[in-house]
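# Structural description and commentary
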Amino acid sequence: MSYEILVGLQVIDDAKYAEYRAAMKPILADYQGHFVYDFRVSEVLKTEQQDSPEQRKINRVFTINFSSEAHMEDFFADASYLKVKQQHFVDSVASTTIISAYQKAD
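Below: a short report on this structure. (Residues numbered from 1 in each chain as written. Predicted model: local features only at pLDDT ≥ 70, side-chain atom pairs only at ≥ 80, totals over all residues. Heavy atoms only, no water.)

## A few points about the sheet that holds strand β3 (residues 60-66)
In sheet architecture, strand pairing relies on hydrogen bonds along the backbone and comes in two forms, parallel and antiparallel. Selection rule: Whether two strands pair comes down to DSSP finding at least two bridges between them. Secondary structure elements follow DSSP: runs of H or I no shorter than four residues count as helices, runs of E no shorter than two count as strands, and numbering proceeds from the N terminus. Angles here are taken between N-to-C directions and fall from 0 to 180 degrees, while the axes themselves are lines fitted to C-alpha atoms, restricted in helices to the stretch in contact.
Spatially, 4 strands are ordered β2-β3-β1-β4 in an open sheet, and the strand pairing comes out antiparallel. Each end of this open sheet is capped by a strand with a single partner; those strands are β2 (33-40) and β4 (93-104). Each strand axis lies, on average, 20 degrees off the axis of its neighbour in the sheet, ignoring direction. Here strand β1 (residues 2-11) pairs with β4 via 10 bridges, running antiparallel. For Gln-10, the partnering residue across the bridge sits in β4 and is Ser-95.

This is the structure:
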């Protein structure tokens, strides 16, 4: 079993977000994590909270998989990752929505 999260973002700077992805992938691999699916979307038709402007502006959806929930938690707390996030993610993404998190049968 692995652990996976389904994430929606409102990316506002594609070039800066691409820099973020490139810089964080080696750190992600260190925690046995990888992207499974990755989509650009043009329209959100329904959200859990219809009045949430952040959820209505999602333009990127992806799943990210880890070998365990502990690896995911350690990755997001890693000092190197947090530095990359501050340098690239903060200015490139306006909002983040965790749509779901689940154990996945492999």
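Let's pick the thread back up.
## Overview of a negative patch on the surface
Put simply, the rule is: Like charges are joined within 9 Å and nonpolar side chains (Val, Leu, Ile, Met, Phe, Trp, Tyr) within 5 Å, but only among residues with over 30% relative accessible area and no salt bridge; these make up the patches. Reported accessibility uses the Shrake-Rupley method at a 1.4 Å probe radius. Residues are deemed covered only where the shown protein chains occlude them. Each reported salt bridge corresponds to a side-chain nitrogen of Lys or Arg within 4 Å of a carboxyl oxygen of Asp or Glu. Only four residue types enter the tally: Lys and Arg on the positive side, Asp and Glu on the negative side; His and the chain ends are excluded. A charged residue contributes its charge at one atom only: NZ of Lys, CZ of Arg, CG of Asp or CD of Glu. The buried label goes to any residue with under 20% of its type's maximum accessible area, the exposed label to any with over 50%, and the partly exposed label to all in between, with areas taken from a 1.4 Å probe on protein chains only.
A surface patch of negative charge is lined by Asp-13, Asp-14, Glu-19 and Asp-91. Following the sequence through the fold, Asp-13 ends up in the loop between β1 and α1 (14-30). You can call Asp-13 partly exposed: its relative accessible area is 31%.

## Remarks on the pattern of salt bridges
The full count for this structure, using the stated rule, is 3 salt bridges. Salt-bridge contacts for Arg-60 lead to Asp-38; the nearest nitrogen and oxygen are separated by 2.8 Å. In this pair, Arg-60 sits in strand β3 while Asp-38 sits in strand β2, placing the two residues 22 residues apart along the sequence. Accessibility expressed as a relative area gives 35% for Asp-38, which makes it partly exposed. One connected set of salt bridges, linked through shared partners, spans Arg-21, Asp-38 and Arg-60.

## Regarding a nonpolar patch on the surface
Taken together, the side chains of Val-36, Tyr-37 and Phe-39 present a nonpolar region at the surface, about 280 Å² in accessible area. When its relative accessible area of 48% is taken as the criterion, Tyr-37 is described as partly exposed.

## Brief notes about the nonpolar core
Where we set the bar: We call a set of buried residues a nonpolar core when its members are Ala, Val, Leu, Ile, Met, Phe, Trp, Tyr or Cys and they connect through side-chain atoms within 4.5 Å of each other.
Core analysis: the biggest nonpolar cluster contains 21 residues, and Leu-9, Tyr-17, Met-24 and Phe-75 have the highest contact counts within it. Secondary-structure elements contributing two or more residues to this core are β1, α1, β3, α3 (69-77) and α4 (79-92).

## Notes on the environment of Val-41
This is how it is decided: Contact criterion: two residues are considered in contact whenever any of their non-hydrogen atoms come within 4.5 Å of each other.
Within the element layout of this structure, Val-41 appears in the loop between β2 and α2 (53-56). The exposure class assigned to Val-41 is partly exposed, which follows from its relative accessible area of 30%. Residues Val-41 and Thr-96, 55 residues apart in the sequence, show an inter-C-alpha distance of 14 Å. Discounting residues that sit within four places of it in the chain, Val-41 has contacts with Ile-58, Asn-59, Arg-60 and Val-61.

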